[in-house]
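Observations on the model geometry
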Amino acid sequence: MEIYYFSGTGNSLYVAKELQKRVPETDLIPVVSLLEKDIIETNAETVGFVFPIHRMTIPIPVKKFLKKLNLKSASYIFAVATGAGTQHVAFVEIDNILKKQGKILNSCFSINMACNDPRDKDWHPVTKEMIENIESEVRIRLNSIRKIIVNKENSREEYSELTPAGYLLEHSLRLGLAYSEHRGTEDYFYSDSKCTGCGICEKVCLSGKIKMIDKKPVWQRGINCYLCYACLNYCPVHSIQIKSRIYLKSYTEENERYCHPYATADDIAEQKSNSYKQGEMA
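Per chain, residue numbering runs from 1 following the sequence as it is written. Reporting in this predicted model follows two pLDDT cut-offs: at least 70 for local features of residues, and 80 or more for side-chain atom pairs to be given and counted; totals over whole chains, interfaces and linings ignore these cut-offs and use all residues. Processing note: side-chain calculations cover all non-hydrogen atoms of the structure and skip hydrogens and water entirely.

1. Focus: the sheet that holds strand β2 (residues 27-30)
- Each pair of strands is called paired provided DSSP finds at least two bridges between the two strands. Where helices and strands are cited, they refer to DSSP runs of H or I of at least four residues and of E of at least two residues respectively, numbered from the N terminus. Sheet architecture is open: 5 strands sit in the order β2-β1-β4-β6-β7, paired in parallel fashion. Strands at the two margins of the open sheet, each flanked by one partner only, are β2 and β7 (107-112). Going across the sheet, the axis of each strand differs from the next one's by a mean of 20°, ignoring polarity.
- Summarising the sheet, strand β6 (residues 76-83) and β7 pair through 6 bridges and their orientation is parallel. The partner of A81 across the bridge, within β7, is S110.
- On the sheet, helix α3 (residues 90-98) packs against β4 (46-52), β6 and β7 and is oriented at approximately 150° with respect to β6. The axes are straight lines fitted to the C-alpha atoms, using for helices just the contacting stretch, and the angles between their N-to-C directions are given from 0 to 180°. Here, two residues are considered to be in contact whenever any of their heavy atoms come within 4.5 Å of each other.

Below you can see the structure in the form of structure tokens.
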């Protein structure tokens, strides 16, 4: 079995690792490491995707990856989406892509985890106790998912229709995501005076958009941003911020940050290498 994963701040990486523990002979493959290929081949009979929900759908790199992936060998396909409990159309989006190869998701699952977006005024970092409770629930959930996957059962219980208002919001967010990917993010993030020039933001930037120039991060034009928030959340001094807009104030200057406690900056950055090592997460 092969599991392809994408993770900005560690939630999806944690889930992918936990699934690997439960299913023997599973290879974990980072999506980002394969995006330079024109065609992505797999010989696996069971193929899974693990990723976070971005603006109610699949992340930009996951969508690009799926369009390149040849699934001829796959007889069972599943997806696991991590998120903060909001509605999404990720599985519908994946099905629409897979249908071009005559495939469809056999199973799909949503897993609730901590939110990594500290823009909102009412956002609060999770406590150690909250993380332990979340992880306990996740492990129980993954035990159930493991049985379904191993037995190659069809399970679409996680799919639910969006309300009309939800579809309108999803469409608006999709347009915003496309704009942000290509043009908006040069002025979306910035680093404040706390920046020490450590370069961690460049290290964890999965799209390669950030480049350190004169010991300051620069979000380069012409390189698409994945909006994974790794730079924002892994900055050790909370220097990276999201700019406020006239229509939307950002509270990142006041709020704390979140990354999964078992996912280091090295774990995130390692996704850019095609020499990713299997085994336990540091």
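Back to the write-up after that little detour.
2. Digging into the packing of helix α1 (residues 11-22) against helix α4 (residues 128-150)
- Relative orientation of the contacting elements α1 and α4 amounts to 50°, with a least axis distance of 10 Å. Between α1 and α4, the angle falls in the class oblique. As α1 packs across α4, the resulting crossing turns out to be right-handed. Here α1 contributes Y14, V15, E18, L19 and R22 to the contact with α4, which in turn contributes E135, V138, R139, L142, N143, I145, R146 and I149.
- Gly is put with the polar residues, along with every residue not named as nonpolar or charged; the nonpolar set is Ala, Val, Leu, Ile, Met, Phe, Trp, Tyr, Cys and Pro, and the charged set is Asp, Glu, Lys and Arg. Among the residues making up the contact of α1 with α4, the classes are represented as 7 nonpolar, 1 polar and 5 charged. Orientation is classified from the angle alone, with under 35 degrees giving roughly parallel, over 145 giving roughly antiparallel, 65 to 115 giving roughly perpendicular, and any other angle giving oblique. In a left-handed crossing the near helix is turned counterclockwise from the far helix by less than a right angle, and in a right-handed crossing that turn is clockwise.

3. Considering the pairing of β4
- The buried label applies to any residue whose accessible area, calculated with a 1.4 Å probe on protein chains only, is under 20% of its type's maximum; exposed applies above 50%, and partly exposed to all values in between. Along β4, 7 of the 7 residues are buried, which leaves the element largely enclosed by surrounding structure.
- Residue alternation in β4 divides its side chains into two sets, T46, G48, V50 and P52 and V47, F49 and F51, and both sets are buried.
- Note that strand β1 (residues 2-5) and β4 share 4 bridges and pair parallel. Bridge assignment links I3 to a residue of β4, and that residue is G48.

4. A closer look at the pairing of β6
- The element β6 is extensively covered by neighbouring structure, given that 7 of its 8 residues are classed as buried.
- The pairing of β4 with β6 spans 7 bridges and is parallel. Counterpart to P52 in the pairing with β6 is T82.
- Looking down the strands as they point away from you, a crossover is right-handed if its path from the first strand over the helix to the second goes clockwise. Handedness of the β-α-β unit built from β6, α3 and β7 comes out right-handed.

5. Regarding the environment of D120
- Secondary-structure assignment places D120 in the loop between β7 and α4.
- Relative accessible area serves as the criterion here: at 39%, D120 is assigned to the partly exposed category.
- A C-alpha to C-alpha distance of 7.9 Å links D120 and K249, two positions 129 residues apart in sequence.
- Discounting residues that sit within four places of it in the chain, D120 has contacts with Y251 and N255.

6. Brief notes about the pattern of salt bridges
- In what follows, salt bridge is the name for a side-chain nitrogen of Lys or Arg lying within 4 Å of a carboxyl oxygen of Asp or Glu. Per the counting criterion, the structure on display carries 9 salt bridges.
- Here R22 and E18 are joined by a salt bridge, their closest N and O atoms 2.8 Å apart. Linking R22 with E18, this pair stays in helix α1, spanning 4 residues, or about one helical turn. Each member of the pair, R22 as well as E18, is classed as buried.
- A salt bridge links D117 to R119; the shortest N-O distance between them is 2.6 Å.
- One network of salt bridges, with partners in common, ties together E18, K21 and R22.

7. Description of the packing of helix α2 (residues 60-68) against α3
- It is the contact of α2 with α3, at a shortest axis distance of 9 Å, that shows an interaxial angle of 25°. Viewed along their axes, α2 and α3 adopt a mutual orientation that is roughly parallel. Judged by the sense of rotation from one axis to the other, the crossing of α2 with α3 is right-handed. Along the contact surface, α2 presents K63, L66 and K67, while α3 presents E93, I94 and I97.
- Taken together, the residues of the contact of α2 with α3 break down into 3 nonpolar, no polar and 3 charged.

8. Describing a nonpolar patch on the surface
- Together, I246, Y247 and L248 line one region of the surface with nonpolar side chains, adding up to about 450 Å² of accessible area.
- Note on placement: I246 falls in the loop between β11 (240-242) and α8 (265-269).
- Owing to a relative accessible area of 92%, I246 belongs among the exposed residues under this scheme. Nonpolar side chains (Val, Leu, Ile, Met, Phe, Trp, Tyr) are joined into patches within 5 Å and like charges within 9 Å, using only residues with over 30% relative accessible area and no salt bridge. Only the protein chains shown count as cover for residues, with accessible areas throughout obtained via the Shrake-Rupley method and a probe of 1.4 Å.

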